[in-house]
Amino acid sequence: MFWSLIANGVAKAFATLLIATALIYLIARLFPGDPITVLYGEQQPSEEVRKAIESRLGLDKPLYMQVLIYWKRIFTGDWGRSIFFAEPVTQVVFKSLLNSLKLSILATVITTLVCIALAYLSMARDIALLPTAISTLSSSMPTSVWGVTIMAVLALTKKPVGFGGIGLPLTTLVVAGTGVFYKILQSLLEKAYSEPFIGAYIALGMTRNRIFLKALRYVLPIYLTTVFYRAGLIIAGAMATEAIFAYPGMGLLLLQAFSSRDYPVLIGWAATVSIILATLNMVSDILHIYMDPRLRGSS
Amino acid sequence: MEMRKTFKVIVPLVVVAILLLSIFLVYEYLLPPRATQTPATASTQELQGTSASLTIAIPTDLSTIDIQFAQGVADFEVLGKVYESLFRIVLDNGRLSYVPWLVKSYKQINETAWLFVIRDNVYFHNGKRLDAWDVKASLERSMRISPIGRMLLRDSSGNPIISRIAVLNSTAVVLVLAKPFTPLIENLAHLATAIMPRDIAEKYWSGPINSTADVIGTGPFKLVSYEKGSKAILSRFDRYWGNAPRISRLTYLILPSSSARIASILSGSADVVVGVSPDDVARLKSSGLVVYNATGVRLVLVAINCKRVPDPRVRQAMNYAVDREAIAKNLLKGFAVVANSVVSPVFPNVYTFKAYEYNVSKAVELLREAGFTNKTLRLLVSTRSPKDVQLAQAIQQYLVAVGINVVIEQVEHTAFLKRVFTDHDFDLAIYGPSPSSLYYALTYWRTNASLNGPLYSNPVYDRLLDEIASELNESRRALLYREAQQILWSDAPAIWLYFENIIVATKPNVKGLQILPFQMLVLDNTTVE
C-alpha cells in the first residue's frame, strides 16, 4: 500500500512535470514578444544580431525541439542561466523557493493554530460571537484587498512597511486565510459532534476539553488535506500578496520571468512547482493514511 | 490509548510549528538588521548630514544592468548614478544644455574630426584610472551593440558616424567622423554612450553585462547589490572625481503597485517616491509631504499606422477630433502640458506651432473630404500603465464622435512592443517617447528608423535630417530644424497629445532635489536633514 502509493505519486509527478513545463513554455512562446524584444525594447537589433542571440538561446530551432531540449536539460540537471542576469536558474529558483517555503509553512502553521483556537472557543467554551466575527471579517475581502488594507493601515499609523520582508505577506495570508479555514474546521467539527461516538463519550462523562480533542483528532486528516492544498498554492506563489509587498518569492519570480520572457527561469519555475506540488500531494495522502486508522487497516 | 495516539500526532506537530515560528520570528524581527548604517563618529558641523541614507521608491524594475542596454526610466535612474558619459545633460533655467563632463575640453579640428581631452583625475569603481583606451572601447561597444547607441551613432543607412577613434595619448582621443555630424556632442551626453573600463567593454563585446560585479562606472555611486524585482542598493564612491554627494547610501525600492509606493512614503519606509499618480497628489500634500511637479519630456501620443491610414487629412482630422485640454485637465488633473510641438520645448531649437484646436466639424469635414467613412480602427494599448488604458477610452469616445469606430485592444507590455515596433501590426497605438535631444527625437520618424513604429515616411523630412546633421552654421541649422518640425506636425503620423509632468513626492526633510525632464533625479546637492 505504502510503496504503491509512492510509485503512483512519482509517476504522477513525472507526468505533471513534463506537461507543466511544456505547457508554460508553449504559452510563453506563443505569446507575442521574446527576450530579444525585451532586451531591445522599442529599438530593433539588426538582423544579424537578432540571429546571433536567437541561436545562442536556441530559439531558432523548431518549437517541439526546444521543448525536448528543455526536458532533457531538466533531467540532466543543467537548468541553464537566466537570460538577463546570468545567475544559474537553479540558484534563482532556489532563493525564491526558500522564501516561499518560509512563507507557506509559517502561514499554514499559524492559520491552523488560530483556527483550532477559534474552534475551541466556539465548540468547547460556547464563545461563538468572537470566532464568527473574526471569520466573517476575514472572509469579507479577498487576499489582495487585505494586503492593500493592511498596508493602508500601516501608512495611516506611520508604521514602517517592511517591503521585501516576510512580516506583512505573512500577516496578510493568515488574516485572509483564517476565515475560510475556520469555517471548514467548524463545519467538520459540527459534523463530528453529531456522530454517535461523541454521544457515547458524553455519556461516559468525558470533559468538554477531551471531547473537543477527540473530535479534532477525528476531523484532522480531512482538514489537513485542505490546508496542504493551500500551502502548495502559496509555495507555487502567492502572486498578489508577494507583488504588493515586493516579497521575493515564487509568485514574484513567475511574474518577472514571464514579463521579461526569461524562458530558462520560467521552465525552472514550472519544473520546481510541479515537483513540489506532486510531493505535497503525496505527503498529504500518506499523512492522511497515517492519521486515519481506517485507511491504514485496509492495506 | 486512543488519547495517547492523538497526542503522538498533535504534540510533535505543534512543537515543530512553534519552534519554526520562533526561529523565524527571531530571525526576522529580533536580530539587529544586517545592513544598518554605521553611526557617524565625527561630530563636527561639517560632517553632519554627510552619512545620510536615502530610500527612493520607483515604479518599474530595471530591465538590464548594462548601461549601454538601458532603455527604461528605471535603468537610467539607477545606472545613471553609477555611470557617466563624456558629456552631461543639465537643466538650467528650464532649458537643457550639454556640458563637458568626463571630458576636460574639446575642440572641433575640422568638419569631420573632433579632439577630446579627458579629465586625468577620474577613477573607476574598481580603482582603475580612466584613460583614452576606456573611452575608445566604450564608444565602439556602444556603436556596436547598444540599442540606443546604434541609433545615436549611426546614420540613416546604418553606417557608423564615427569611422575611427584615434588615441593620441592616455588622455586625448580624436573622433574621426565619416561625414559631418552636428548632433555629436548631445549624443555623447546620452547614457547609452556611457564609459566603462576597457576590459569590461571587451568582455561583453557581443552581449549585455550580466554580472553585478562588472557594473563598474565612474559615477558618484557604486552598485552594492541588486535584487531583481525588489531593490537596488548603491553606496557613495569615495574616490569620485567631482563633488561628493551628501548621501552615503542610496536604496531604490522597486514597487510597481502605486498604492504600495504611496504607503511607502506615508509610512516612512521611503524618503522619495517617483511616479506619483495625479490622483494621489492632494492626499500626499495633506499628509505634509513635499510634492514636486516638474516639466517632463515624455510626449504621450497616439501613433497612427501610416501604411494603414496613408491620407494625412485623416490623421489631421484625428488631431482635431481630440480635446487635449480636457484630457490634460480631467484625466491628468492638470499635471500635463498640451503638446503644441513635436518635441518638448525644453530642448534648444524646438519650434512651437499653432495648436490643433478641438474642432469636431472640421474633423468631420476633413474625413468626408478624404472619403474616410464607416471605418473601424484598432487602438492598441499596453496594460503596464492604468492611465494609458483610461486615455484609450477617452480617445475612443472622441473618435467615435467624429464617426471613426475604435476598438480598444489591451496587451501586455512586451507583446505591445513587439506588435508596434517589430510587426507594425496596429492601427492606433498609445505610447510616449522620452528623447534626450531634439535631433534624436526627430530621428524617430525617419523612414525605416527602428523607433518608427507607425512607418511614417517622407523623403523631404529624411533629407532635412541629413542636412541638419551636416549644416555647421547654427542659424541655418535652426531654420532646417524648424522646417523638419513643421512637416512632422502637419503630416501628423500621430495624434500629438501632451507632455506628461513628472510628479515626485519627498519627505519634508529631503532638500535640494533636482528633477531632470527625463524623470531622472539629480542627487548632487540632495541632503536629508
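Residues numbered from 1 in each chain as written. Chains lettered and ligands numbered in written order. Predicted model: local features only at pLDDT ≥ 70, side-chain atom pairs only at ≥ 80, totals over all residues. Heavy atoms only, no water.

Asker: What exactly am I supposed to notice about the overall build of chain A here?
Answerer: Regarding its fold elements, chain A presents 14 helices and zero strands. When its helices and strands are written in sequence order, chain A yields α-α-α-α-α-α-α-α-α-α-α-α-α-α. Its C-alpha atoms put chain A at 85 × 55 × 25 Å along the principal axes. Put simply, of all contacts in chain A between residues at least 6 apart along the chain, 75% involve residues at least 24 apart. As displayed, chain A offers around 13,600 Å² of accessible surface, 71% of which is attributable to carbon and sulfur atoms. Separation of charge centres in chain A, based on 24 positive and 15 negative side chains, amounts to 11 Å. (Helix = DSSP H or I, 4+ residues; strand = E, 2+ residues; numbered from the N terminus. Contact = heavy atoms within 4.5 Å. Areas by Shrake-Rupley, 256 points an atom, 1.4 Å probe, with all protein chains shown as cover. Lys, Arg positive; Asp, Glu negative; His and termini not counted. Charge placed at Lys NZ, Arg CZ, Asp CG, Glu CD.)

Asker: Which parts of the structure should I look at to understand the side chain of Ser267 of chain B?
Answerer: By the element assignment, Ser267 of chain B lies in the loop between α7 (258-266) and β11 (272-274). Here the side chain of Ser267 of chain B touches Ser264 of chain B through a polar contact of 3.3 Å, landing on its backbone oxygen. Among the polar contacts made by the side chain of Ser267 of chain B, one reaches the side chain of Ser269 of chain B at a distance of 3.1 Å. The contact partners of Ser267 of chain B, leaving out residues within four places of it in the chain, are Leu154, Ala155, Lys158, Lys159, Pro160 and Val161 of chain A. (Polar contact = N/O pair within 3.5 Å; in protein donor to acceptor, adjacent residues only side chain to side chain.)

Asker: Can you walk me through the sheet that holds strand β14 (residues 336-338) of chain B in this structure?
Answerer: Strand pairs in the sheet, formed through backbone hydrogen bonds, run parallel or antiparallel to each other. Residue and element names in this part refer to chain B. With respect to topology, six strands assemble into an open sheet ordered β14-β18-β13-β17-β15-β16, the strand pairing being mixed. The outermost strands of the open sheet, each flanked by one partner alone, are β14 and β16 (405-411). Each strand axis lies, on average, 25° off the axis of its neighbour in the sheet, ignoring direction. Looking at chain direction, strand β15 (residues 376-382) and β16 are connected through seven bridges and run parallel. For Ser382, the partnering residue across the bridge sits in β16 and is Val411. (Pairing = 2+ DSSP bridges. Axes fitted to C-alpha atoms, helices over the stretch in contact; angles between N-to-C directions.)

Asker: Explain the pattern of salt bridges to me, please; I cannot follow it from the model alone.
Answerer: A side chain with one charge may pair with a side chain of the opposite charge, provided their charged atoms come close. All names here are of chain B. For the structure on display, the rule yields 27 salt bridges over all chains. Here Arg198 ties to Glu202 by a salt bridge, and the two come within 3.2 Å at their closest N and O atoms. Of the two residues, Arg198 and Glu202 are both situated in helix α6 (residues 198-203); the distance of four residues between them amounts to about one turn of the helix. Exposure remark for Arg198: the relative accessible area of 35% places this residue in the partly exposed category. Taken together, the shared-partner salt bridges in this structure form one network comprising Arg308, Arg378, Glu409, Arg419, Asp425 and Asp427. (Salt bridge = Lys/Arg side-chain N within 4 Å of Asp/Glu carboxyl O. Buried < 20%, exposed > 50% of the residue type's maximum accessible area, 1.4 Å probe, protein only.)

Asker: When you look at the sheet that holds strand β6 (residues 162-169) of chain B in this model, what are you seeing that I'm missing?
Answerer: Residues and elements named next belong to chain B. Taken together, four strands build an open sheet; the order of strands is β4-β5-β7-β6 and the sheet is antiparallel. In this open sheet, the two edge strands, each paired with only one partner strand, are β4 (103-110) and β6. Strand-to-strand twist in this sheet, taken as the mean axis angle between neighbours without regard to direction, amounts to 20°. Both β4 and strand β5 (residues 113-118) contribute to a ladder of six bridges, which runs antiparallel. By the bridge assignment for β5, Val103 is matched with Ile118. Across the sheet, helix α3 (residues 132-145) is in contact with β5, β6 and β7 (172-177); its angle to β6 comes to roughly 170°.

Asker: Help me understand the interface of chain B and chain A, please; the structure alone is not making it clear to me.
Answerer: Where the parts come together, the accessible area they lose is often given as the size of the interface. Tallying the contact residues gives 55 residues for chain B and 48 residues for chain A. Note on chain B versus chain A: buried area summed over both sides is about 4,800 Å², and carbon and sulfur give 67% of it. Counting across the chain B and chain A interface gives one salt bridge. Among the salt bridges present, the one from Glu412 of chain B reaches Arg261 of chain A, with a minimum N-O distance of 2.9 Å. Linking chain B to chain A there are two residue pairs in polar contact (both at pLDDT 80 or more). Elements with a minimum of two residues in the side of chain B that touches chain A: α1 (2-30), α4 (147-152), β8 (221-227), β10 (247-254), α7 and α13 (413-422) of chain B. (Buried area = accessible area lost by both parts, 1.4 Å probe.)

Asker: What am I meant to see in the environment of Leu472 of chain B here?
Answerer: All names here are of chain B. If you trace the backbone, Leu472 turns up in the loop between α15 (459-470) and α16 (474-491). It is 33 Å that separates the C-alpha atoms of Leu472 and Lys81, two residues lying 391 residues apart in sequence. In contact with Leu472, not counting residues within four places along its chain, are Gln108, Glu111, Thr182 and Arg477.

Asker: Would you mind going over the pairing of β8 of chain B with me for this structure?
Answerer: On a regular strand, each side chain points to the face opposite its neighbour's, so the side chains alternate between the two faces of the sheet. Taken together, the six bridges between β8 of chain B and strand β9 (residues 231-236) of chain B define a ladder with antiparallel strand orientation. Bridge pairing in β9 of chain B links Glu227 of chain B to Lys231 of chain B.

Asker: Help me out: how do you make sense of the packing of helix α5 (residues 89-124) of chain A against helix α8 (residues 167-193) of chain A in this one?
Answerer: Think of two packed helices as two axes; the pair is described by the angle between the axes and how far apart they sit. All names here are of chain A. Where α5 contacts α8, the two axes come as close as 7 Å, and the packing angle between them is 45°. If you check the angle between α5 and α8, you find them oblique. For the crossing formed where α5 meets α8, the hand is right-handed. Its residues placed into classes, the contact of α5 with α8 shows 19 nonpolar, five polar and one charged. (Parallel < 35°, antiparallel > 145°, perpendicular 65-115°, else oblique. Left-handed = near helix turned anticlockwise from the far one by under 90°. Nonpolar A, V, L, I, M, F, W, Y, C, P; charged D, E, K, R; others polar.)

Asker: What's the story with the pairing of strand β18 (residues 494-500) of chain B in this structure? I'm lost.
Answerer: All names here are of chain B. With six of seven residues buried, β18 lies mostly within the body of the structure. Across five bridges, the pairing between strand β13 (residues 299-304) and β18 is antiparallel. Bridge pairing in β18 places Leu301 opposite Trp496. Two strands pair when backbone bridges link them, and β14 and β18 are joined in this way by three bridges, in the antiparallel orientation. Paired with Val338 across the bridge in β18 is Tyr498.

Asker: Mind showing me how you'd approach the confidence of the model for chain B here?
Answerer: For any part of a model where pLDDT is low, the fine detail of the predicted coordinates should not be relied upon. Residue and element names in this part refer to chain B. Overall, the prediction assigns chain B a mean pLDDT of 88, with 90% of residues at 70 or greater. Mean pLDDT across the elements of chain B ranges from a minimum in α1, with 55, to a maximum in strand β17 (residues 428-431), with 96. Quick note on the complex model: pTM equals 0.80, ipTM equals 0.70. (pLDDT = per-residue confidence, 0-100.)

Asker: Can you walk me through helix α12 (residues 386-401) of chain B in this structure?
Answerer: Every α-helix carries 3.6 residues per turn, so stepping three or four residues along brings you back to the same face. All names here are of chain B. An ideal rise of 1.5 Å per residue puts 22 Å on 16 residues; α12 measures up with 23 Å between its terminal C-alpha atoms. Among the residues making up α12, those that are buried are Lys387, Asp388, Val389, Leu391, Ala392, Ile395, Gln396, Tyr398 and Leu399. At the exit of α12 stands Gly403, carrying a positive phi of roughly 95°. (Expected span 1.5 Å × (residues − 1).)

Asker: Is there a simple way to explain the nonpolar core in this structure?
Answerer: Among soluble globular proteins, nonpolar side chains are generally buried collectively. Of all hydrophobic cores here, the largest spans 182 residues; its most connected members are Ile56, Phe116, Met318, Phe347, Leu442 and Trp496 of chain B. Discounting chain neighbours no more than four positions away, the residues touching Ile56 of chain B are Leu250, Thr251, Tyr252, Leu253, Val272, Val274, Leu521 and Leu523 of chain B. (Core = buried A, V, L, I, M, F, W, Y, C linked by side-chain atoms within 4.5 Å.)

Asker: Even after reading the chapter, I still don't get unusual backbone geometry, so can you show me in this structure?
Answerer: Trans peptide bonds make up most of the peptide bonds, and negative phi angles are found at most residues other than glycine. Residues and elements named next belong to chain B. Although it is not a glycine, Asn349 sits at a positive phi angle of roughly 70°. With respect to the helices and strands, Asn349 occurs in the loop between β14 and α11 (360-369). With a phi close to 45°, Ala492 is a non-glycine residue in the positive phi region. Its location among the elements puts Ala492 in the loop between α16 and β18.

Asker: Sorry if this is basic, but what is going on with the environment of Thr171 of chain B here?
Answerer: Among the secondary structure elements, Thr171 of chain B is positioned in the loop between β6 and β7. Accessibility expressed as a relative area gives 21% for Thr171 of chain B, which makes it partly exposed.

Asker: Would you explain a nonpolar patch on the surface in this entry?
Answerer: Together, Ile19, Leu23 and Ile27 of chain A make up a nonpolar patch on the protein surface, roughly 310 Å² of accessible area in all. Mapping Leu23 of chain A onto the fold places it in helix α1 (residues 2-30). (Patch = residues over 30% accessible without salt bridge, like charges linked within 9 Å, V, L, I, M, F, W, Y side chains within 5 Å.)

Asker: Whenever I open this one, the packing of aromatic side chains confuses me. Can you help?
Answerer: Remark: the centre distance and the inter-plane angle together describe each pair of aromatic rings, the angle taken between the planes. This model, assessed by the stated rule, comprises 25 aromatic pairs over all chains. Between the aromatic rings of Tyr106 of chain B and Trp114 of chain B, the centroid separation amounts to 6.3 Å while the plane-to-plane angle is 20°, which identifies the pairing as stacked. Overall, Tyr106 of chain B belongs to the partly exposed group, its relative accessible area being 36%. Every member of this aromatic cluster is reached through a ring pair, and the members are Tyr320, Tyr351, Phe353, Tyr356, Trp445, Trp489 and Trp496 of chain B. It is Arg261 of chain A that lies over the ring of Phe258 of chain A; its NZ or CZ is 5.0 Å from the centre. When the ring centre of Tyr123 of chain B is taken as origin, the NZ or CZ atom of Arg239 of chain B, which lies over that ring, is 3.9 Å away. (Phe/Tyr/Trp six-rings, centres within 6.5 Å; stacked < 30°, edge-to-face > 60°. Lys NZ or Arg CZ within 6 Å of the ring centre and 35° of its normal.)

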